[in-house]
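# Remarks on the overall topology
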Amino acid sequence: MSGILAGKRILVTGVLTESSIAFQAAKVAQNEGAEVILTGFGRLSLVERIAKRLPKEAPVIELDVTNQEHLDGLADKIREHQGEGARIDGIVHSIAFGPQGAFNFLEASWEDVGTAVQVSAYSYKSLTMACLPLMEHGGAVVGLTFDAQIAWPKYDWMGVAKAALESTNRYLARDLGPKGIRCNLVSAGPIKSMAAKSIPGFEELADVWNHRAPIGWDLADPEPAGRGVVGMLSDFFPRTTGEIVHVDGGVHMMGA
């Protein structure tokens with residue numbers, strides 16, 4: 001099979017519905033020649049149903065990134081699916097969560113903030129380290145962020161968690177570069193996904209894109225971001241690491 005990911009084996013987290021960027025990344029990756037494995041948490045049966053809607057049904061591994069036993073056993077679970085010569089060439093980190101309290105900046109408790117940072121930022125490192133035994137020949141890690149350079153309406157401590165993710169990406173890129181592993185983020189514009197429904201005031205936040213995206217932005221189309229992820233997984237960026245690639249219609253560079 002030809003394509004920019006031909007022969008590569010990719011682990012994709014965060015697939016919950018077809019409207020997710022992770023699903024589109026998995027779909028495009030398969031269309032570009034990759035073998036894909038998905039992970040799911042909580043509603044595993046839902047992820048398994050969604051996996052059947054990919055061009056080729058992908059196996060699903062249960063993974064709670066806050067559960068050390070799950071992380072410790074991840075490499076072995078992947079080996080069970082791949083058999084002899086098991087490896088991972090790329091990881092898609094599409095995991096983020098903030099309790100409702102995290103969306104009230106001044107009133108949020110550390111418990112809420114700590115959860116948001118652990119799930120949304122620290123897991124980027126812990127997931128990558130869990131897969132490291134299968135990445136002896138190098139590879140690429142791509143995470144999804146939401147531009148943390150400014151303070152967005154209603155985003156509050158999740159914005160801080162994304163800033164932590166962006167910093168984590170740089171340190172991970174520094175430490176894993178000698179192993180031939182590139183670490184980059186795709187900063188995507190807002191998408192009307194299941195995750196978006198958990199953000200109070202999402203419509204107000206997303207409305208910025210209706211007025212400020214010079215090339216336009218479709219809240220219902222996660223494919224451009226998915227394509228950006230696949231691009232960064234490919235070998236077309238062999239010496240790019242620690243980078244944040246914006247797939248947001250250009251909003252990030254617009255002035256007031």
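As shown above, the structure is provided for reference.
The structure displayed is predicted, hence computed values, not measured ones.

Criteria and cut-off values
Residues numbered from 1 in each chain as written. Predicted model: local features only at pLDDT ≥ 70, side-chain atom pairs only at ≥ 80, totals over all residues. Heavy atoms only, no water. Helix = DSSP H or I, 4+ residues; strand = E, 2+ residues; numbered from the N terminus. Rg over C-alpha atoms; globule rule 2.2 N^0.38 Å. Phe/Tyr/Trp six-rings, centres within 6.5 Å; stacked < 30°, edge-to-face > 60°. Contact = heavy atoms within 4.5 Å. Salt bridge = Lys/Arg side-chain N within 4 Å of Asp/Glu carboxyl O. Buried < 20%, exposed > 50% of the residue type's maximum accessible area, 1.4 Å probe, protein only. Patch = residues over 30% accessible without salt bridge, like charges linked within 9 Å, V, L, I, M, F, W, Y side chains within 5 Å. Areas by Shrake-Rupley, 256 points an atom, 1.4 Å probe, with all protein chains shown as cover. Pairing = 2+ DSSP bridges. Right-handed = clockwise from strand over helix to strand, strands pointing away.

### Focus on the overall build of the chain
Looking only at helices and strands, the chain features 7 helices and 7 strands. For the chain, the N- to C-terminal ordering of α and β elements is β-α-β-α-β-α-β-α-β-α-β-α-α-β. Computed over the C-alpha atoms, the radius of gyration of the chain is 17 Å, within 12% of the 18 Å expected from 2.2 N^0.38 for a compact globule of 256 residues. The C-alpha extent of the chain, read off along each of the three principal axes, is 55 × 40 × 40 Å.

### Points about the packing of aromatic side chains
Applying the stated criterion across every chain, the model contains 5 aromatic pairs. An angle of 50° between the planes, with centres 5.4 Å apart, marks the rings of Phe146 and Trp152 as tilted. Through successive ring pairs, a cluster of aromatic residues spans Phe146, Trp152, Tyr155 and Trp209.

### Details of the environment of Gly90
Note that Gly90 resides in strand β4 (residues 90-93). Along the primary structure Gly90 and Val230 are separated by 140 residues, whereas in three dimensions their C-alpha atoms are 9.5 Å apart. Not counting the four nearest positions on each side in its chain, Gly90 is found in contact with Arg9, Ile10, Leu11, Ala140 and Leu233.

### Comments concerning the pattern of salt bridges
Here the structure, examined in full by the defined rule, presents 8 salt bridges. Between Arg87 and Asp89 there is a salt bridge, and its shortest N-O distance comes to 3.0 Å. The class for Asp89 is buried, based on a relative accessible area of 14%. The partner of Asp175 in a salt bridge is Arg174, and the shortest N-O contact between them spans 2.7 Å. Given the relative accessible area of 45%, Asp175 is considered partly exposed.

### As for a nonpolar patch on the surface
A grouping of Ile4, Phe236 and Phe237 is seen on the molecular surface, where their side chains present a nonpolar patch of about 290 Å² in accessible area. For Ile4, the location among the structural elements is in the segment before β1 (9-12). On the basis of relative accessibility, which here comes to 31%, the residue Ile4 falls in the partly exposed class.

### Description of the pairing of β4
The side chains of a regular strand alternate, residue by residue, between the two faces of the sheet. Of the two faces of β4, the one lined by Gly90 and Val92 and the one lined by Ile91 and His93 are each fully buried. Of the pairings in the sheet, the one linking β4 to strand β5 (residues 139-145) comprises 4 bridges and is parallel in character. From the neighbouring strand, His93 faces β5, where its bridge partner is Gly143. At this point the chain moves from β4, through helix α4 (residues 110-131), to the parallel β5, and the crossover so formed is right-handed.

By themselves, these figures tell us nothing about what the structure is for.
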